[in-house]
Amino acid sequence: MELYAKGKRGLVYLTDFKGEKIAVKKKNPSSTAIARIDIEAQFLPLLNKHTIGPKFLFFENNELGMEFIEGMLFEEYLVTASKAKIKKAIDSLFEQMRVLDALGINKEEMHHPFKHIIVRDDKPVLIDFERCRYTEKPKNVAQLLQYVSGKKIRDMLAKKEIHIEREEVISLSKEYKQELDFSGIRRFLKLL
């Protein structure tokens, strides 16, 4: 196995499994986090049923085997993709966040998902579910709204003639948190 990526809590290796290149995640020995790989192994099969995340393959000896997602980070994609493709990717991301919220699962880190969204074949794939947890008040949609309305992403989107008004997003976020009604978000996405 070759080391592919090193994170605070996990190490990701690439290896061959049944003729396919896959990712295997192990605990980073320097991490004090407890059972993070176990958490990801618990949530990934459930999320796969909703076409979210890399395909779960196995969890054995504290090693999580999953599909290797090859692509580019979301922010790199915003620089290279067309306006139409970016709008579809953003729509897909919000739909995935809506599903997570409906399941009562908080992914965490979606307000700063720099390394958590890989775009493969113009479709965003979420990775890193080791901080997932069940909650009565999930914040995935709200966190993604915060992310896309931040100055850096707004400026990147403006270069593609996709304009996001921060005040509108703050209002949408408040409305969504109170009602968990996605219709305002859908209208917002259609107007991008």
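To start, this report covers the structure provided alongside it.

Analysis parameters
Residues numbered from 1 in each chain as written. Predicted model: local features only at pLDDT ≥ 70, side-chain atom pairs only at ≥ 80, totals over all residues. Heavy atoms only, no water. Pairing = 2+ DSSP bridges. Helix = DSSP H or I, 4+ residues; strand = E, 2+ residues; numbered from the N terminus. Axes fitted to C-alpha atoms, helices over the stretch in contact; angles between N-to-C directions. Contact = heavy atoms within 4.5 Å. Patch = residues over 30% accessible without salt bridge, like charges linked within 9 Å, V, L, I, M, F, W, Y side chains within 5 Å. Areas by Shrake-Rupley, 256 points an atom, 1.4 Å probe, with all protein chains shown as cover. Salt bridge = Lys/Arg side-chain N within 4 Å of Asp/Glu carboxyl O. Lys, Arg positive; Asp, Glu negative; His and termini not counted. Charge placed at Lys NZ, Arg CZ, Asp CG, Glu CD. Core = buried A, V, L, I, M, F, W, Y, C linked by side-chain atoms within 4.5 Å. Buried < 20%, exposed > 50% of the residue type's maximum accessible area, 1.4 Å probe, protein only. Parallel < 35°, antiparallel > 145°, perpendicular 65-115°, else oblique. Nonpolar A, V, L, I, M, F, W, Y, C, P; charged D, E, K, R; others polar.

What follows deals with the sheet that holds strand 5 (residues 63-67). Strands sit in the order 1-2-3-5-4 across an open sheet of 5 strands; the sheet is antiparallel. Each edge of the open sheet is held by one strand with a lone partner, namely strand 1 (2-6) and strand 4 (56-60). Each strand axis lies, on average, 25° off the axis of its neighbour in the sheet, ignoring direction. Alignment of strand 4 against strand 5, held across 4 bridges, turns out to be antiparallel. Looking at the pairing, Phe59 lines up with Leu64 of strand 5. Against the sheet, helix 1 (residues 36-48) engages strand 3 (20-27), strand 4 and strand 5, with an angle of about 150° to strand 4.

This part is about a positive patch on the surface. Positive charge collects at one region of the surface, where Lys137, Lys139, Lys174 and Lys177 lie side by side. You can see Lys174 is positioned in helix 6 (residues 166-179).

The 3 strands are arranged 6-8-9 in an open sheet whose pairing can be described as antiparallel. Every interior strand has two partners, whereas the edge strands, strand 6 (72-73) and strand 9 (123-126), have only one. Sheet topology note: the strand 6/strand 8 (residues 117-120) ladder contains 2 bridges and is antiparallel. Within the sheet, the bridge partner assigned to Leu73 lies in strand 8 and is Ile118. Helix-sheet contacts for helix 3 (residues 83-103) involve strand 8 and strand 9, and the interaxial angle to strand 9 is about 35°.

A separate point is the nonpolar core. Phe74, Phe94, Leu126 and Ile185 are the most contacted members of the largest nonpolar core, which totals 49 residues. Looking at this core element by element, the count peaks at 8 residues for helix 3.

Two numbers describe how helix 3 lies on helix 7 (residues 183-191): the axes approach to 10 Å, and their chain directions differ by 170°. Our classification of the angle between helix 3 and helix 7 gives roughly antiparallel. When helix 3 is examined against helix 7, the residues Ile90, Asp91, Phe94, Glu95 and Arg98 are found in contact with a partner set consisting of Ile185, Arg186 and Leu189. Taken together, the residues of the contact of helix 3 with helix 7 break down into 4 nonpolar, no polar and 4 charged.

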